[in-house]
Protein chains: 2
Amino acid sequence: MREFSIEQVKITDPFWCRYMKLIRQEMLPYQWQVLNDQADIVIEKERDAAHIPSEKSHAIENFKIAAGLAAGEHYGMVFQDSDVYKWLEAVAYSLQQSYDAALQELADGVIDLIAQAQESDGYLNTYFTVAAPERKFKRLYQSHELYCAGHYIEAAVAYYEAVHNKKALASARALADCIVAAFGAGPGKIKGYDGHEEIELALLRLYEVTSEEKYLECSRFFLYERGQDPEFFKKQVAADPDKSVLIEGMEGFSTSYYQVHKPVLEQETAEGHAVRVVYLCTSMAKLAFLKHDEKMLAACRRLWKNIVTKRMYITGAIGSTVTGEAFTADYDLPNDTMYGETCASIGLIFFAHAMLQNESKGEYGDVMEKALYNTVISGMALDGKHFFYVNPLEVVPECSKKDPGKSHIKLTRPAWFGCSCCPPNLARLLMSLNSYVYTVRDTTIYANLYMTGKAEFNLGDHKVAIEQQTQYPWDGEIHFTVMAEGNNSFGLGLRIPAWAASYHLMVNGELCLTAPVDGFVVLHRRWRTGDEISLELDMEARLWAANPKVREDVDRVAVQRGPIVYCIEGVDNGADLHLIRLNEAAEFHYGFAAEKFGGAGLLTVAAEKAVGKKEWGESLYQPAVSIEYQPVELHLIPYYCWANRGENEMLVWLHKK
Amino acid sequence: MREFSIEQVKITDPFWCRYMKLIRQEMLPYQWQVLNDQADIVIEKERDAAHIPSEKSHAIENFKIAAGLAAGEHYGMVFQDSDVYKWLEAVAYSLQQSYDAALQELADGVIDLIAQAQESDGYLNTYFTVAAPERKFKRLYQSHELYCAGHYIEAAVAYYEAVHNKKALASARALADCIVAAFGAGPGKIKGYDGHEEIELALLRLYEVTSEEKYLECSRFFLYERGQDPEFFKKQVAADPDKSVLIEGMEGFSTSYYQVHKPVLEQETAEGHAVRVVYLCTSMAKLAFLKHDEKMLAACRRLWKNIVTKRMYITGAIGSTVTGEAFTADYDLPNDTMYGETCASIGLIFFAHAMLQNESKGEYGDVMEKALYNTVISGMALDGKHFFYVNPLEVVPECSKKDPGKSHIKLTRPAWFGCSCCPPNLARLLMSLNSYVYTVRDTTIYANLYMTGKAEFNLGDHKVAIEQQTQYPWDGEIHFTVMAEGNNSFGLGLRIPAWAASYHLMVNGELCLTAPVDGFVVLHRRWRTGDEISLELDMEARLWAANPKVREDVDRVAVQRGPIVYCIEGVDNGADLHLIRLNEAAEFHYGFAAEKFGGAGLLTVAAEKAVGKKEWGESLYQPAVSIEYQPVELHLIPYYCWANRGENEMLVWLHKK
């Protein structure tokens, strides 16, 4: 019997279609303009740092120069190429969902350009080809060569799958072959890896489409070699006659920044640059699945647990410090100096998705949902043309402006960044969201995410379709309709989110009392066309607390309704949001505002605000006196909607009365 | 009639004599070893930054090389010379108080060495003489040339005053003359100033001892020129053919970092590097006094008010961010990422002292006392050989270790720093503490600080002595005895600290009800030998709150008893100090522990601690539940005593129940 698998998933959900339409109609054309330096925009540095380039993208021009089609110098970050690759990958998903001949022609041209920039041995990287050919693979801790290669491979595979462009796949294979030839344990090969993980998961993706074992083995080599010699990078630098750095400001970073402080199987905690960690974990989880590698899976579980139980914000953001865009310590989750990079939460979704291939646990879906509905879509403005790199939970405009240590906490979404990894990453995730909705394991279909759409599955020798119908994330009712023929014995797993205080499950009108196991209720039966499942999740807005070990959230609460975390903004609630006090017994009033934020569910609640007593006057410190409060009506908006109405204060963790 | 003036002040106070003895016996010999690279210590970087030198001090060796007495290269920061100057200044004060022939011989030798390193035109700076003679005065925003010159002038004047070493004064004058010749509004002169203020106040000090108007005028030029052209530094850099930086990592700093964003008379708020601001303000206040410059005095009052009512920690620390060691925004006073440099609080004392020359307001004395008893002496360990650069109000060891953004928050005091401005600055302040105790204005003697000792004043044609006797800061009783002869009509001003809830003043056994004006009770009368004044300040430990606009201190209280701010440490109170709750009605128990921290007043109080509920288990977020508390006895120690018992948690702002 053939294994069960997903045939295709089509999203028709109003919430997500708005995003996908925005990306197709606005973001992809806009990003193409930016990559070609044709957009009339201000490119911002993601934080105050002299070395970050911000004049232009130059990304397409770099390819033209490398291809010999234009004269000039390389400009931008050493990993500038990856912006093009991620855009291309998003285009691939877009074409797969809704064909567009002009867009394909444009993308075909990009593939041609990339192939022209590629060297005869398969090597591909415009910075090294144009500016430093003698330094190839010699400074891997900063070079991002394999990182860029990985993004091209992912893009090319996606593009091949979307429109069967064989040139894309061929050039990706040539690039992978160049890497396979250069790296490994054998004589004359580099026994090392890239400072920024990405190639590992890309090679596994290439293996999935080509079935070439060498790609899987190369990925496996990178993963197992990583951290075996924590001094590998240092030794490479010592051996490099050229002492100039490729990226400034990284000299002081420790081995854990790159996750090379110890072998990956021995890593117990998520350390260093957050995006790197979750990209690493994604490839570890994929390899564990493909090779039934139990040790690797155990390492993934450990790192997952460390992240989600000790180092993740309630919005699914990760990365507690701007210095190194990194994890710090357990329960260290400052709200106003944090990083919470959009890319890191995207990577956390990759990791969760890869773990769901290994084992069906609702917590992977819960975190995927948390990151998606909060941090990830916070990463873009409602216009689809402005983006956050950093997604803080507490913002005071004056501090961002006047504290250079908070220069990364932007007040509104910039049009583009000097290091612009996040905007195209957002595009490729949201345009491929259909692949995250379901996971099929053995004979069970698991619904990870809830959104209106239709999915088709191969069940051995025949097919089954499942339709979801829901007003999620605003409404907790999700209806499933099964359309099947033939022998339809399969399990249908429904994730019961940990945030739901209760739920109600009906199958063909009858109450179903099957208990959830590991966060999924799995219904095993012989299904017939027209079978109806109705899941109703309790969507009442509730107050959430952080573990008492989180210093920054002591005596504070966050408001969550369904998967949506809420925040308050100054524009609705006045200045000094820290003076607002929420009663634990507060009753929330919910209403859907079709005309606001492209349609969003809003909350109001009665609260209190400390009165600025007159006796404070000009004094900074006084003997403690009891504080007086006055009642206020608090207006909460979904976190992802913040900063769409100009600069103002924002707060997620509200003080308790 | 001659003006009233201070003749001499001798401190015999047990609290302060312990420090002065420690400095004389331990710190000065130790620092001399360090400056000569003879101490077997680990020199630490004040924060993680690749560019900070930390191999050795090399400061004396730099002078030997510049003097032609040794071969080699300059090593260390571009302002390394100033470490020697500040040490020399402390030695001068030490000799003035207690003569030591061997120490004078050593210091005489240092003066000789410095004079040998000085160029024939008076120019003095070992970095530029040895490493970059062609770059003199060409890159003032980073060069610290005038900053170092200022420190030498201050040291030389102090040394001249202490032991009448004319060579010291002569070389200081030669250096000042070199600066007077190079800078000014005239043709061929540099119309600019140093990036780091210090020369301004040093020239005024030199003016006071030489009465040479040119030094005062040069200082006045620097002050009035500052910020007239905010682009001055940028223009200098553009004109400099050598593009290499003198200090790495400063490229991104804005004009306000250097207080050159606008003319000083127009500066309304304290902006940029905190030490620079208070050094600038000190010279502005001194100039205002010397020149009766009302506009300058008004500017000083504005900046003072901004600092102490909006940008100062309750410990008298200033500087809210490590990035630029700088002020940020009004009421932005984070406790765990702050800077609070020891030197900045020392400079705040300079500023307060200079303001007391202009006008007798108790708040200047209050802030002087606050900074002195808390942040400044927190800057050194009980052994006199370990020092803090940064003085935070909240410390969690794991965060300092694992968050590179908190690498400046040290857990114990290092032996020395790569940039070691603070240790010798501490020495020179504490060894000259006698000059801060009293201010004489017109016919009134103001007691700014309370400590046991004897002071002599010139009252026109005769003298008066005043003896203070107190167990301050542990006891609130201060006895004054007047010893006078002749016509003794003068005012005696006693500062009534703002922290004192009440006070009781007796003159010769009779209750005195004179009301304080601007924080001073001034007793005008004809004094006789044997007159006794007894001031009793209410020393009850009290809870203090921060202005509600300070986000970080919301729902928190600090404990202060007399001038001493208290903190709690993990070693006394267990882990997770943020879970401790203090009741507003809490009663404190005070006891003096002679055997602890070299003798210190300690507090205990009944409090509560949140119980780590079992149901939290491994979860990071849960629906909010009410928290359970259990009673604990809280042990508080003076803030300045923290981190003397190994690495552990520390907290000043306690959470309120």
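Here is what the cut-offs are and how they apply
- Residues numbered from 1 in each chain as written.
- Chains lettered and ligands numbered in written order.
- Predicted model: local features only at pLDDT ≥ 70, side-chain atom pairs only at ≥ 80, totals over all residues.
- Heavy atoms only, no water.
- Phe/Tyr/Trp six-rings, centres within 6.5 Å; stacked < 30°, edge-to-face > 60°.
- Helix = DSSP H or I, 4+ residues; strand = E, 2+ residues; numbered from the N terminus.
- Buried < 20%, exposed > 50% of the residue type's maximum accessible area, 1.4 Å probe, protein only.
- Contact = heavy atoms within 4.5 Å.
- Pairing = 2+ DSSP bridges.
- Axes fitted to C-alpha atoms, helices over the stretch in contact; angles between N-to-C directions.
- Domains from an automatic or database assignment.
- Buried area = accessible area lost by both parts, 1.4 Å probe.
- Salt bridge = Lys/Arg side-chain N within 4 Å of Asp/Glu carboxyl O.
- Nonpolar A, V, L, I, M, F, W, Y, C, P; charged D, E, K, R; others polar.

(A) View of the packing of aromatic side chains. Counted by the stated rule, this structure contains 80 aromatic pairs over all chains. Ring geometry for Phe 15 of chain B and Trp 474 of chain B: centres 5.9 Å apart, planes at 70°, overall edge-to-face. Note that Phe 15 of chain B is positioned in helix H1 (residues 14–35) and Trp 474 of chain B in the loop between strand S8 (462–470) and strand S9 (477–484), a separation of 459 residues in sequence. Under the relative-accessibility criterion, Phe 15 of chain B is labelled buried at 8%. Taken together, the aromatic side chains of Phe 15, Trp 16, Tyr 19, Tyr 373, Tyr 450, Tyr 472, Trp 474, Phe 480, Phe 592 and Tyr 640 of chain A make up a single cluster linked through ring pairs.

(B) The arrangement of helix H2 (residues 59–66) of chain B in detail. Residue and element names in this part refer to chain B. By the criterion of burial, H2 is predominantly enclosed, with six of the eight residues buried. Every buried residue of H2 is listed here: Ala 59, Ile 60, Asn 62, Phe 63, Ile 65 and Ala 66. Elements in contact with the buried residues of H2: H1, helix H3 (81–97), helix H4 (101–117) and helix H5 (126–131). At the C-terminal side of H2, Gly 68 shows a positive phi close to 80°.

(C) Spotlight on the sheet that holds strand S10 (residues 489–495) of chain A. Residues and elements named next belong to chain A. Taking strand neighbours across the sheet as the criterion, the four strands line up as S5-S6-S10-S13 in an open arrangement whose pairing is mixed. One side of each edge strand has no neighbouring strand; the edge strands of this open sheet are strand S5 (438–441) and strand S13 (520–526). Within the sheet, the average angular offset between the axes of one strand and its neighbour, ignoring direction, is 20°. Bridge count between S10 and S13: seven bridges; the pairing is antiparallel. Pairing of Phe 490 across the sheet is with Arg 525, part of S13. Against the sheet, helix H14 (residues 342–358) makes contact with S5 and S13, and its axis sits at roughly 25° relative to S5, the strand it touches most.

(D) Fine view of the domain arrangement of chain A. Residues and elements named next belong to chain A. When the domains of chain A are assigned, the result is domain 1 (4–436), domain 2 (439–537) and domain 3 (543–656). Opposite the five residues of domain 2 that make contact, domain 3 presents 14 residues. With both chains or domains summed, domain 2 and domain 3 bury close to 680 Å², and 69% of this area falls on carbon and sulfur atoms. For the domain 2 face of the interface with domain 3, the top three residues by lost area are Pro 473, Trp 474 and Trp 499, together amounting to 93%. Run the count over domain 2 and domain 3 and you get zero salt bridges. Tallied by class, the residues present in the side of domain 2 that touches domain 3 amount to five nonpolar, no polar and no charged.

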